[in-house]
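Reading the structure
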Amino acid sequence: MTDTLPRQAGAAEVAPPSSAASSRVDLGDLRVVHTRHWFRWSIGIVVLFVVAQFAWSLVTNENYEWDVFAHYFLSEPVLQGVGITLALTVISATIGFFLGTLLALARLAKSPLLNSAAWVFIWFFRSVPLVVQIIVWYNLGYLYPTLGLGTPFTTDFWIVEFPTVQLISAFAAAILGLSLNQAAYSAEIIRGGLLSVDQGQLEAAAALGIPPRRRLTRIVLPQAMRSIVPNATNEVIGLVKGASVVFVIAIPEVFYAVQVIYNRNSRVIPLLLVAVVWYTIITTILSIAQYYIERHYARGSVRVLPPTPVQRARHWIALQWARLGDADSSPPPLEGSDAAPLPTAAQHSNGNDAKFGGR
């Protein structure tokens, strides 16, 4: 806008307006100059070059033997090994986190006996390497040839008696080692999550007369899960990879299966790539599950849940389709959120003019 003053007939021309008035500038005429991040662009170019170089080597390097990889990727021994790996992970994680919850509650209990017993359990099983635990459980028959129920402090098992070698098979030894080791670590994760909840909420719930069990399940755990889930998922992912150590007792999980195959045909690299890809697929699925579990428990900490990657992709496709079809149409809002739809190009320019007062 230009401020003008009226002229009087026969009078001299009025002086120009003051400096304050002349300094008014239409912001719509200003050219936006974006900051140039030269260092960031340089690092990005280097990373892109390294990735492209690696992708090129994957295609051109014949030592990868992708035909051998494709032949054994869905072979029966490998699929059986994947199934055993998943079974070990699911069973050990279930038992481990159940025992870990009990140990965490015992560590927080006011009873010195429970507190001390839980601390000793956690201390011992975190001190001994996992592979050593599995081998000890597998060879427990050397220490105790028979196990059973009978007269206390004697070996008179008159109720029931089993040979230890038959009772603790290789699979059972693997489950015992993985579960007890997982319980020791998950106990500290759960205890840390419970301690992260504000104690004032517990005091308020106790003042209202809410029973302790209901306080734990309805007040403490939903808030503690926000800090438990990321660490617990890391432990489960570590358990998937840690299950590979059971090859020492000849359990045919996926790593043991590929070892047996490449010991016969000497195709080491393609068979190891088979194991690498299967472990990557399993951990990717667990990471996706972690994202949605974290999003579920984030409802108490954020007003509006952020859209998922699928919702973002669908919204972007709808936006591009709207721009191609009709420049004045607006795409639908993001699903699962209260976010307003993104403006089209015409609306964006009109919005800028309206925001800065026009001309």
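Residues numbered from 1 in each chain as written. Predicted model: local features only at pLDDT ≥ 70, side-chain atom pairs only at ≥ 80, totals over all residues. Heavy atoms only, no water.

Observations regarding the overall build of the protein
On a plain count of helices and strands, the protein comes out with 14 helices and two strands. The burial tally for the protein puts 27% of its 359 residues in the buried class. Pairs at least 24 residues apart make up 63% of the contacts formed inside the protein by residues separated by at least 6 positions. When the accessible surface of the protein is totalled, it reaches about 24,100 Å², and 65% of it is carbon and sulfur. (Helix = DSSP H or I, 4+ residues; strand = E, 2+ residues; numbered from the N terminus. Buried < 20%, exposed > 50% of the residue type's maximum accessible area, 1.4 Å probe, protein only. Contact = heavy atoms within 4.5 Å. Areas by Shrake-Rupley, 256 points an atom, 1.4 Å probe, with all protein chains shown as cover.)

Structural notes on the UniProt feature "transmembrane region" (unreviewed entry) in the protein
UniProt tags residues 38–59, 79–105, 117–138, 158–180, 236–262 and 268–293 as "transmembrane region" (unreviewed entry). A helix fraction of 65% and a strand fraction of 17% characterise residues 158–180, whose end C-alpha atoms lie 29 Å from each other. (UniProt positions renumbered as here; feature names shortened; annotations may be inferred.)

Digging into the nonpolar core
L88, L178, V246 and I249 are the most contacted members of the largest nonpolar core, which has 27 residues in total. By residue number, the principal contributor to this core is helix α8 (residues 170–195), which donates eight residues. If sequence neighbours within four positions are ignored, L88 has contacts with F171, A174, I175, L178, A243 and V246. Counting 18 residues, the second-largest nonpolar core is a separate cluster that includes Y64, Y262, V274 and I282. (Core = buried A, V, L, I, M, F, W, Y, C linked by side-chain atoms within 4.5 Å.)

So, the packing of helix α9 (residues 199–207) against helix α10 (residues 212–242)
In the contact formed by α9 and α10, the axes pass within 11 Å of each other and the chain directions differ by 165°. Between α9 and α10, the angle falls in the class roughly antiparallel. Crossing of α9 against α10: the hand is right-handed. Two secondary-structure elements touch here, α9 through Q201, L202, A205 and A206 and α10 through R215, I219, V220 and Q223. (Axes fitted to C-alpha atoms, helices over the stretch in contact; angles between N-to-C directions. Parallel < 35°, antiparallel > 145°, perpendicular 65-115°, else oblique. Left-handed = near helix turned anticlockwise from the far one by under 90°.)

What to know about the pattern of salt bridges
Evaluated as defined, the whole model comprises three salt bridges. Residue R267 is joined to E65 by a salt bridge in which the shortest nitrogen-to-oxygen separation is 3.0 Å. In this pair, R267 is assigned in the loop between α11 (254–265) and α12 (268–297) and E65 in the loop between α2 (38–60) and α3 (66–73), connecting sequence segments 202 residues apart. According to the relative accessible area criterion, R267 is partly exposed, its value standing at 35%. Where R107 meets E188, a salt bridge forms, and the shortest distance between an N and an O atom there is 3.9 Å. Taken together, the residues R107 in helix α4 (residues 76–108) and E188 in helix α8 connect sequence positions 81 residues apart. The exposure class assigned to R107 is buried, which follows from its relative accessible area of 17%. Salt bridges here are not isolated pairs; linked through shared partners, they connect R107, E188 and R191. (Salt bridge = Lys/Arg side-chain N within 4 Å of Asp/Glu carboxyl O.)

With respect to the packing of aromatic side chains
To describe a pair of aromatic rings, you give the distance between the ring centres and the angle between the ring planes. The full count for this structure, using the stated rule, is nine aromatic pairs. Residues F73 and W278 carry aromatic rings whose centres are separated by 4.8 Å and whose planes lie at 10° to one another, so their mutual orientation is stacked. Pair noted here: F73 is in helix α3 and W278 is in helix α12, with a separation of 205 residues, a long-range link. There is no split in this pair, since F73 and W278 are both buried. Relative to F255, the ring of F247 has its centre 5.6 Å away and its plane inclined at 85°; by these criteria the two rings are edge-to-face. By the ring-pair criterion, three or more aromatic residues cluster together here, those being Y64, W66, F69, F73 and W278. (Phe/Tyr/Trp six-rings, centres within 6.5 Å; stacked < 30°, edge-to-face > 60°.)

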